[in-house]
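One-letter residues, chain by chain:
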Amino acid sequence: MSSSASPASNEPDPTPEVDEIQEDDVEQAPQSRLRRTAVGVAVVVALALVAAVTFTVVTVRKPLPEVSGELTLPGLGADVTVHRDAQGVPQVYASSSADLFAAQGYLNAQDRFFEMDYRRHVTAGRLAELVGDVPAAIEADSVIRTMGWRQVAEEEWNLISPETQSYLQAYAQGVNAYLADRSPEELGLEYTVLGATVDVASPAPWDPVDSLAWLKAMAWDMRGNYDDELDRALAYSTLEDVELVDELYPAYTATENEPILRKRDLTTTPPASAEEVSRAGQELPVGTDGLDAAVEAADAALDAVPVMIGRGEGAGSNSWVVSGDHTASGEPILANDPHMGLSAPGVWTQVGLHCTEVGESCPFDVSGFSFAGFPGVIIGHNAGLAWGLTNLGADVTDFFVERVRDDTWLRDAESEDWVSMTTRTETIRVNGADPVDLEVRATEHGPIVSSVLDVGDVVGSPTEAGTEFGEYAVSLAWTALQPGRTADAVFAMATAADADDIAAAGALFEVPSMNIVFATTDGHIGYQAPGKIPVRDDVQGPVPSDGTWPRPGWDARFDWQGYVDPADMPRALDPEAGYVVAANQAVLPRNIGPYLTEDWDYGFRSERIRTLLDEQIAAGRPFTVDDMAAVQADDWSPFAASLVPVLLDVEIDDSYDAAGQEILAGWDYRTDADSAAAAYFNAVWRNLLEATFWDDLPAQALPTGGSRWLVVVRDMLERPEDPFWDDRSTLNVVETRDEVLTRALVSARHDLTVEMSKDPDDWSWGSLHELALQHPVLGGDDVPAFVRDYFNPDALPMPGGSSIVNATSWDASSSFGVTTGPSMRMVVDMADLDASTWVASTGVSGHPASSHYDDQLRAWAAGETFAWPFSRAAVEEASQDTVTLVP
C-alpha cells in the first residue's frame, strides 16, 4: 500500500473546467452526441440522488494514484522501479517474475481498478451485484451464467502450467496490496456515483481466476461466424428461399482479393479442406412458429451480453509485416491495429515489463498492450521478436436446433432416443433487490440459450407433429466453453524468439482464434494460424453441415468430430512476396488446408494494404516507420471505387436533386472528415441498403453495410431484375435496379439537406461520422448529463469507415456514428526497437480526473503516434515520473 494516506497525487492537474464541476454546472454541461451504450448495459441513476454528489476537487481526485517517490508493496522480494513517460505509460523493472507481475497488478489497480472490477462482475455473471436492479444487467448475468464462463475459468486453473499460475498469483497479490486499507471512493470515482443508488461494499480481493475469466470475454467478442449463422436462419424466416439467403452470403473470391497465404507460402503441407456442401433441393427445418421464435430468442439472449471488446464485422483488425529487403533499415517492420469496440477508458493499457537480468528464472523483457485485469503483454514485442494479432474469424460456434420435452432432449430421431438434459439452478444476486433464480439446461451440444431471457413462451408452440416430438429450443456449442490453455500462450508469446516458438504458443492459443504475424530482429517474418477449430463431417442432410446454418441436434452426423491438429494449422516463414498481410480475409485459397470457415471478411482492407505495399515496392522506395503509420491512416474507400461509376450513370432530371450526384464526379474516394463527397456517398449507401433489403429481412438481420453487403450489391448491379430490387410493400408494382438507385441518390440529397445544409459545399463526413466514446457503466442516456459528460470525452469528427484501412466502422441500419475502430496502433522497427511507435484510443488511466484519461485520443484520431522507448537508456531518458516499490 501507499506509504502515505493522503489522497494527493503527483499526477499533473486536470484542466480547471473538469476539475471544478459543481451541481450548478449541470445546465451548462455540453450534451454529447451518444451512440448505443458501449457494453449494452447502462445504470439507471435517479437524477435527484446523483445531483447530490458534488464533483469537488477532492471527490474527483481522491482515486488518483501516486506516481513518484517510494511506495510499499508487501510481499515483494526486492525493490521494483517504475518509470512513466509523458503519456503516463509505466515501464517496470524487477529482479524476479513474481515481483514483475505483482508490480503490474499494483499499477493496474492504481490506474484502472473499477474497470477491472466491472470486467470480473460481467464475466462471472454478477453485474447486477455491482450496478443494482437494472434489467439489462440481470439479462446479461442470465446469459453469462447460462454459458458458465466463470465455471470454465475455474476449470482452466487446473490446466495451466505452474509457471502461469505463479504469474497470476503474483498479479493478484499486487492488486490486493493496492486494495488494502483503501475505501471504494479511493479506488474509482464510479463507486462514489454508484453509491448514490446502491450499496457499495469494499471490493472483494482479486482472485487469479478473475484474470482467467476475462479471456472468456475476449473469446466471446472475437468468435467467428456466430452472427452470420443466426442471421441466415432469421433471413430464411422471411425469404423462405435458400437460394435467396445464399445470395446474401456470397463466397469469398480469392482471385479478386488475395488470401493471407498462397499454397506456395506454406511451410507445411496441410490436409485438403472438405468439399463445399451442396444446398440444392434441401429443405430446412425452419418456418414453423416454434423454431422461428426459438432462433429469435437465442439471438436476443446472446445480444444481451455486454460488448467488452467489439462485435460484428467491425471487430476485425489490420496487421502486416514487411521484410528487411523492402525497408530503409534493412530489418523487418511490423504494423498492427486491432479493430474493437471503442469506449472510455479504452480496452488496452500500455506497459513495459523488464527483468533486470533476463534469464531462465526471470525471462521477460517485453513491452506492448495489455488488458487491465490480466498480467503480461497481449500484443507487442520483446528484445528479439514482435507479434501482432488479428481476428482469424474461424467458425468456432454452432447452434443446434434441439427437440426438447420437459427436461429431456431428442438425441436420435430414428431411435426416438430421449435423454435427460443436465440442469442446475443459478442465483443472481441483485444489489438492492431480491435475488433471481435461473434454471440452466444443457444438452451434449451445449447450454440452451433460447430460453434465457424473460421474453414469454418463445419456444412453446407445438410443431406440426404435435407435442409428442417436443418443442424447439436452441443450444450453443462453442470451443471456449471447454477449458483450455490460452493463458499459457500469453506468456509463451512474450518470451518467443523464433517461428517455432510462435507455433508452440499458437498450439496453446485455443480461443479466440487469431492470426499471428511476427518478425524477428535477425530478419525473419512469418505467419501462424492458431486456434481450436472444430472438425465437421460432410453430411447431406436437412441443412448444410459446414457450420453456416443452425444444425439439427437430433442427428449425430452433425456433431463435431474433434478438432484440427495444431500441426495442420497454416503457417509461413519468409514468404516470396516479402510481406504478410492479415486483415481478416481468407487465410488460404478454397479447399487448401483445414476447413476454417465460410464467413470471412471479404478482403477489401487487406487488398488495399497489399496495393499500397506493392506500389511502394515497385517504386523502389524502402519503407520506414512513418510509411507504415501512413498506411494505417489510409481512408480510401473500396465501396466508393466500386459504386460511384455506376451512380454517376444514373440520370436525375431535377437539378436540385442532382446536386449531390455532381459532387461525386472527380472524387478521389478518400473519406476524410471534411469530405462532402464522402458524406453524400455514405448517405446514398445507407439509403440504397434500406430501399433494397429492409422489406425483405427481419429487423434482427438488416444490412449493417460492411464488406459482405458491398459484394452483394455489386453483384446485384449486374442483375437489374434481381428480386431484391423489388419493394415487397408496393403491391402490383415491381421496382428495378435503376429505380432503386435513383431513389437512393435523391433521398440522400434530401437527407443531408435536413441534417446539414441545402448547399452540398457545406456537407462534411465528420459531421455525421462522429466518435462518441462512452464509459461502460456511466456513459449512457439514462445517466444524468453532468455525470456522463464528465466520464465521456467530447465527440470527435472522424474519417474512414467500414472496410477502409482506417476502419472506423458504422452501422448502416442505425446511424453514421462510429461503432468500432482501431483500438490502438503500433509500428515496430526490428532494426531499432526504440524507433517504434504506438498510440492508444484514450490513455493509460481509467480515472477521468487524470491527465492521462484521454490524452492520446486526439492524436489517435488524427492518425498520429508517440515514441515507444524500449531500451533502459531510452526509457530513462523519456521518464517523467519514477516510483520505487519497496517490500
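See the structure shown above.
Residues numbered from 1 in each chain as written. Predicted model: local features only at pLDDT ≥ 70, side-chain atom pairs only at ≥ 80, totals over all residues. Heavy atoms only, no water.

Q: With reference to specific residues and values, describe the nonpolar core.
A: The tendency in soluble globular proteins is for nonpolar side chains to be buried as a group. Membership of the largest hydrophobic core comes to 183 residues, with the highest contact counts inside it found for Trp387, Trp478 and Tyr527. When residues of this core are assigned to their parent elements, the largest contribution, twelve residues, is made by helix 4 (residues 97-123). The next biggest cluster of nonpolar side chains, apart from the first, holds 62 residues, and it includes Ala235, Tyr249, Ala677 and Tyr680. (Core = buried A, V, L, I, M, F, W, Y, C linked by side-chain atoms within 4.5 Å. Buried < 20%, exposed > 50% of the residue type's maximum accessible area, 1.4 Å probe, protein only. Helix = DSSP H or I, 4+ residues; strand = E, 2+ residues; numbered from the N terminus.)

Q: An account of a negative patch on the surface is requested, with residue identities and associated values reported.
A: A contiguous patch of negative charge, built from Asp649, Glu651, Asp653 and Asp654, is present on the exposed surface. Turning to its location among the elements, Asp649 is positioned in the loop between helix 19 (638-648) and helix 20 (659-662). When its relative accessible area of 64% is taken as the criterion, Asp649 is described as exposed. (Patch = residues over 30% accessible without salt bridge, like charges linked within 9 Å, V, L, I, M, F, W, Y side chains within 5 Å. Areas by Shrake-Rupley, 256 points an atom, 1.4 Å probe, with all protein chains shown as cover. Salt bridge = Lys/Arg side-chain N within 4 Å of Asp/Glu carboxyl O. Lys, Arg positive; Asp, Glu negative; His and termini not counted. Charge placed at Lys NZ, Arg CZ, Asp CG, Glu CD.)

Q: Tell me about the state of the cysteines, and name the residues and values.
A: The final tally for this structure, using the stated rule, is one disulfide. Covalently, Cys355 is tied to Cys362 through a disulfide, its sulfur atoms 2.0 Å apart. Negative torsions about the S-S bond denote left-handed disulfides, and the value of about -80° found for Cys355 with Cys362 makes this one left-handed. With relative accessibility at 5%, the residue Cys355 sits in the buried group. (Disulfide = S-S within 2.5 Å.)

Q: Residue-level account of the packing of aromatic side chains, with values.
A: The tally for this structure, following the rule as stated, stands at 31 aromatic pairs. Taken together, a centroid distance of 5.1 Å and an interplanar angle of 80° make the contact between Phe114 and Tyr191 edge-to-face. With Phe114 in helix 4 and Tyr191 in helix 10 (residues 189-194), the pair connects residues that are 77 residues apart, well separated along the chain. Comparing Phe114 with Tyr191 shows no difference in burial state: the two are buried. A ring pair is formed by Trp838 and Trp868, whose centres lie 4.4 Å apart and whose planes are at 5°; its orientation type is stacked. With Trp838 in strand 26 (residues 837-840) and Trp868 in the loop between strand 27 (866-867) and helix 27 (872-878), this pair connects stretches of sequence that are 30 residues apart. The exposure class of Trp838 is buried, given its relative accessible area of 1%. Ring pairs connect the aromatic residues Trp214, Trp348, Phe369, Phe371, Trp838 and Trp868, which therefore count as one cluster. Taking the ring centre of Tyr249 as reference, the NZ or CZ of Arg708 above it sits at 4.0 Å. Against the face of Tyr656 rests Arg749, its NZ or CZ located 3.8 Å from the ring centre. (Phe/Tyr/Trp six-rings, centres within 6.5 Å; stacked < 30°, edge-to-face > 60°. Lys NZ or Arg CZ within 6 Å of the ring centre and 35° of its normal.)

Q: Run through unusual backbone geometry, naming residues and quoting values.
A: Note the cis peptide between Ala344 and Pro345, where omega equals 0°. With respect to the helices and strands, Pro345 occurs in the loop between strand 5 (333-341) and strand 6 (349-355). Note that the residue after Val511, namely Pro512, is joined by a cis bond; omega there is -10°. For Pro512, the position within the fold is in the loop between helix 16 (499-508) and strand 16 (514-520). The phi dihedral of Glu240 falls on the positive side, at around 55°, and the residue is not glycine. Structurally, Glu240 is set in the loop between helix 12 (226-239) and helix 13 (242-247). In this structure, Glu416 takes a positive phi of about 50° despite not being glycine. Note that Glu416 resides in the loop between strand 11 (408-412) and strand 12 (417-420). The exposure class assigned to Glu416 is partly exposed, which follows from its relative accessible area of 49%.

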